[in-house]
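Geometric and topological summary
Listed here are the chains, written in short residue letters.
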Amino acid sequence: MMIGQAALFHAGSARVKPRWRRVPVETVVFASLALVTLVVLGLGLPLPSLTIQVVLLGVLVGILGLPHGALDPLIARRAGLWRTRLGFAGFNMAYILVVVVVVLLWLIAPVASLVTFLLVSALHFGSDWNADRAPWLRFLAGFGLLSVPALSHPAQVSAAYVVLAGDGGAVVASVQEWLGPLALASLLLAALVALRHRAHESIEILLATMLALATEPLVFFLLYFCALHSVRHLKAGFQAERDGGRLSALMVMVYTVVPILVVGVVLVWLGPDGSLSEQILQVVFIGLAGLTVPHMIVVTYENRHRRALRAPDLS
Ligand SMILES: CC1=C(/C=C/C(C)=C/C=C/C(C)=C/C=O)C(C)(C)CCC1
Ligand SMILES: [Fe+2]
């Protein structure tokens, strides 16, 4: 019995990776970029101007952010949402319809849409941490992440919301600023909960909080969204589709390039309206809102499907 146990322990431990090797690559990428940014700020060196930040946002969200949603057709196939060619066509049509409806709703009721977008995004982003914990805890972390910038940089967040939703956007920013202390407490609670079993998540939460406090909101969002959120979901998606090989890569490329082309055509068609940075900000965030809704529906559906099969969450 003793020998059996020892052998079992030995065989098990040979497969267990040392602690530092279990740290996900996106944690290392995000933590390094966050630390460099914090040092640059600490040394009093300047960050790029607002126009450069907005252009960088447009380019990097396109290259690094969009691909993580481009995996949705594959996720949907795993979840059994489509099986045949006809099903695939139907899935695409339904997806595009949801995007169009969300964008139209934004144009009709911008402030309500902004608030809904922030709430939905809070749950979506908050689920990057403490994935097996209650939804309210995950929501609080996401709410904290999206509200701390309004506490530390109220003027910038207010200006961005006004570009996206008109004057009412400023009210949304002041409510978030007022809730700022609660936002900070939520992030610290999430970091504390994660500490026991997922120390790397605690580090991510603390660094994200520091970035949200110290840097311009768009720089904070860029670093979190492109270096952590998107990389994490892309990695999980490719891991789940490892047999897909070329097909997965092709799918991701097509579903990244097509929305960028559509946005380009729409922008040229509409012609200049306001400044270029305002237009980029609108396209990026209203576009993200449109894509987030079907993206979340697919991801949530797949998680339910996975849970029904009693397998761990991947996306
Ligand atoms: C507009 C805006 C913000 C909110 C952005 C949100 C809510 C983005 C959500 C994106 C999603 C959900 C992508 C899906 O994967 C900040 C950063 C608070 C401050 C600066 C202006
Ligand atoms: Fe996402």
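Residues numbered from 1 in each chain as written. Chains lettered and ligands numbered in written order. Predicted model: local features only at pLDDT ≥ 70, side-chain atom pairs only at ≥ 80, totals over all residues. Heavy atoms only, no water.

Another point: the overall build of the chain. When you go through the chain residue by residue, the secondary structure sums to 14 helices and zero strands. Each helix and strand of the chain, ordered N terminal to C terminal, gives the series α-α-α-α-α-α-α-α-α-α-α-α-α-α. Counting all 315 residues of the chain, 42% fall into the buried class. Counted over contacts in the chain with a minimum sequence separation of 6, partners at least 24 positions apart contribute 75%. Per element, the accessible surface of the chain, about 17,100 Å² overall, is 74% carbon and sulfur. (Helix = DSSP H or I, 4+ residues; strand = E, 2+ residues; numbered from the N terminus. Buried < 20%, exposed > 50% of the residue type's maximum accessible area, 1.4 Å probe, protein only. Contact = heavy atoms within 4.5 Å. Areas by Shrake-Rupley, 256 points an atom, 1.4 Å probe, with all protein chains shown as cover.)

Time to look at the nonpolar core. Core analysis: the largest hydrophobic core is formed by 55 residues, its most contacted members being Phe30, Leu57, Tyr224 and Phe285. Per-element accounting of this core gives the leading share, eleven residues, to helix H12 (residues 217-240). Each residue touching leucine 57, except ones within four places of it in the same chain, is listed here: Gly62, Leu218, Phe221, Leu222, Leu281, Val284 and Phe285. Phe91, Leu234, Met251 and Val252 belong to the second largest nonpolar core, which has 13 residues in total. (Core = buried A, V, L, I, M, F, W, Y, C linked by side-chain atoms within 4.5 Å.)

Overall, the coordinates contain five salt bridges when judged by the stated rule. What you see here is one network of salt bridges that share partners, running through Glu26, Glu204, Arg232 and Lys235. (Salt bridge = Lys/Arg side-chain N within 4 Å of Asp/Glu carboxyl O.)

On to the UniProt feature "transmembrane region" (unreviewed entry) in the chain. If you check UniProt for "transmembrane region" (unreviewed entry), the listed places come out as residues 23-44, 50-71, 92-119, 139-166, 178-199, 205-226, 247-268 and 280-301 in our numbering. For residues 50-71, the end-to-end C-alpha separation is 31 Å, with 91% helix and 0% strand making up the annotated structure. Helix makes up 96% of residues 92-119 and strand 0%, with an end-to-end C-alpha separation of 25 Å. (UniProt positions renumbered as here; feature names shortened; annotations may be inferred.)

Mapped onto the elements, glutamate 204 comes out in helix H11 (residues 199-214). What glutamate 204 contacts, discounting residues up to four positions off in sequence, is Thr27, Phe30, Trp129, Leu228 and Arg232.

Below, the discussion takes up the environment of leucine 228. Within the secondary structure, leucine 228 is located in helix H12. With 100 residues separating them along the chain, leucine 228 and aspartate 128 place their C-alpha atoms 9.0 Å apart. Those residues in contact with leucine 228 that sit more than four places away from it in its chain are Glu26, Thr27, Phe30, Trp129, Glu204 and Leu223.

Next up on the list: the site of ligand 1. Among the 17 residues in the neighbourhood of ligand 1, the closest are listed as His68, Phe117, Ser121, Phe125 and Thr292. Between ligand 1 and the protein, one listed contact pairs an oxygen atom with a side-chain N or O atom of histidine 124 at 3.4 Å. Here an oxygen atom of ligand 1 sits 3.5 Å away from a polar atom, N or O, in the side chain of histidine 229. In the complex, 99% of the free accessible area of ligand 1, which totals 540 Å², lies under the protein chains. Contributions of two or more residues to the shell around ligand 1 are made by helix H6 (110-126), helix H8 (154-165), H12 and helix H14 (276-308). Broken down by element, the shell around ligand 1 gets its largest block of residues, five residues, from H6. Looking at side-chain class alone, the shell around ligand 1 contains twelve nonpolar, five polar and no charged residues. (Near = heavy atom within 4 Å. Polar contact = N/O pair within 3.5 Å; in protein donor to acceptor, adjacent residues only side chain to side chain. Nonpolar A, V, L, I, M, F, W, Y, C, P; charged D, E, K, R; others polar.)

Following the UniProt record, the feature "binding site: Fe cation" (unreviewed entry) maps to His68, His124, His229 and His233 here. The annotated residues occupy 166 residues of the chain but converge on a single region, no pair of C-alpha atoms lying more than 13.0 Å apart. You can see histidine 68 is positioned in helix H3 (residues 50-69). In this fold, histidine 229 is placed in helix H12. Taking relative accessible area as the criterion, histidine 229 reaches 0% and is therefore assigned buried. Not counting chain neighbours up to four residues away, the residues in contact with histidine 229 comprise His68, His124, Phe125, Asp128 and Tyr224. In terms of polar contacts, histidine 229 uses its side chain to reach the side chain of aspartate 128, at 2.8 Å.

Before going further, it helps to examine the environment of alanine 34. Within the secondary structure layout, alanine 34 lies in helix H2 (residues 25-42). In sequence terms alanine 34 and glutamate 204 are 170 residues apart; their C-alpha atoms lie 9.4 Å from each other. Non-local contacts of alanine 34, meaning those with residues more than four positions away in its chain, are made with Leu207 and Leu211.

A few words on unusual backbone geometry. Although it is not a glycine, asparagine 130 adopts a positive phi angle of roughly 45 degrees. Turning to its location among the elements, asparagine 130 is positioned in the loop between H6 and helix H7 (135-152). Note on asparagine 130: relative accessible area 2%, which makes it buried.

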